[in-house]
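Coordinate analysis (summary)
Residues per chain are reported as follows:
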Amino acid sequence: MLPDLLPYSVRILPGLLLIGGCFTLARGERDPLLRIVLLIFGFVLIRDAMTPIGFWRLGTTGVAPWLRLTDHAGVLLVFGVSTLGLTALILRLDRGLRAMVSWGRFNTATVGMGLGGGALAAAPVLLLSQLAPLSGRGGAVALSLLPALLFFCLAGNLAEEVLFRGFLQGRLETHSSPRRAAVLSALLFAACHAFLASTVTDVGWPLLAFTLYEGLICAYLRMRSGVIAAALAHGIAIFLLAGALV
């Protein structure tokens, strides 16, 4: 596991140091927008650098994108724990950003909306994927890997939802209507996958179409029920796609 993580860490460290320096200098700004943008830059770097190292693979079957994550459970657990730790640290240290996050209530209705939103987001891709054999869309995933994969999907996408639906959508709502803020957060979420779709991989527009569709669902859930529902939907959608359960 360690040999895999070392080249990845070396690859992202210079960029993270630059972004961290900018974030430190921006801490005194009353408007949190610059800090939000810097955190999104950092997340995109961390996420997209997973591809050349081989921590995940993306492709398409016709117009349906597919993805598979590493089969090393330890790597998935390290990423999940690290992501949760960084997210908690940012929320603890930056009161201005923390105030942007509307979590919603953690109850049965919220969980139900999150699970339903995740199934709805994944459904079109899963249905279209059935036109191709499993071997042509990443192959099977070992059942023993699924618990670590689920933890990674929930933890990693909680961080992403805190960024886009917590910080960004919350900040946008202070200057526009909730509906406009939701649409903008979904569009920006999809736009932040442009390099992943077009330069880091050759998946192209199917990935952008899926992320826009998923982003709209998560943004709506955030508007209606809070970040908890959006994070559950995002995590479950990615788990259903990456787990090869269908």
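The paragraphs below set out a description of the structure included in this document.

Thresholds, definitions, all that
- Residues numbered from 1 in each chain as written.
- Predicted model: local features only at pLDDT ≥ 70, side-chain atom pairs only at ≥ 80, totals over all residues.
- Heavy atoms only, no water.
- Pairing = 2+ DSSP bridges.
- Helix = DSSP H or I, 4+ residues; strand = E, 2+ residues; numbered from the N terminus.
- Salt bridge = Lys/Arg side-chain N within 4 Å of Asp/Glu carboxyl O.
- Buried < 20%, exposed > 50% of the residue type's maximum accessible area, 1.4 Å probe, protein only.
- Expected span 1.5 Å × (residues − 1).
- Arc of directions from axis to C-beta.

**Looking at the pairing of strand β1 (residues 56–61)**
In summary, the side chains of a regular strand alternate between the two faces of the sheet. Bridge count between β1 and strand β2 (residues 64–69): six bridges; the pairing is antiparallel. Paired with Thr-61 across the bridge in β2 is Ala-64. Taking the residues between adjacent antiparallel strands as the criterion, β1 and β2 are bridged by two residues, where Gly-62 takes a positive phi near 70°.

**Observations concerning the pattern of salt bridges**
Under the counting rule described, the total for this entry stands at seven salt bridges. Between Arg-35 and Asp-94 there is a salt bridge whose closest N-O contact spans 2.8 Å. You can see Arg-35 sitting in helix α2 (residues 33–48) and its partner Asp-94 sitting in the loop between α4 (73–93) and α5 (95–98), a full 59 residues away along the chain. You'll find Arg-35 and Asp-94 in the same group, each marked buried. Between Glu-173 and Arg-222 there is a salt bridge, and its shortest N-O distance comes to 3.0 Å. With Glu-173 in helix α7 (residues 146–173) and Arg-222 in helix α10 (residues 205–225), this residue pair connects regions lying 49 residues apart in the sequence. A single salt-bridge network, built from bridges that share partners, covers Arg-27, Arg-35 and Asp-94.

**Focus: helix α8 (residues 178–191)**
With 14 residues, α8 extends 20 Å between its outermost C-alpha atoms, agreeing within 8% with the 20 Å of an ideal straight helix rising 1.5 Å per residue. Taken residue by residue, α8 has Ala-181, Ala-182, Ser-185, Ala-186, Phe-189 and Ala-190 as its buried positions. Here the buried residues of α8 occupy an arc of 165° about the axis, which is enough to place them on one side.

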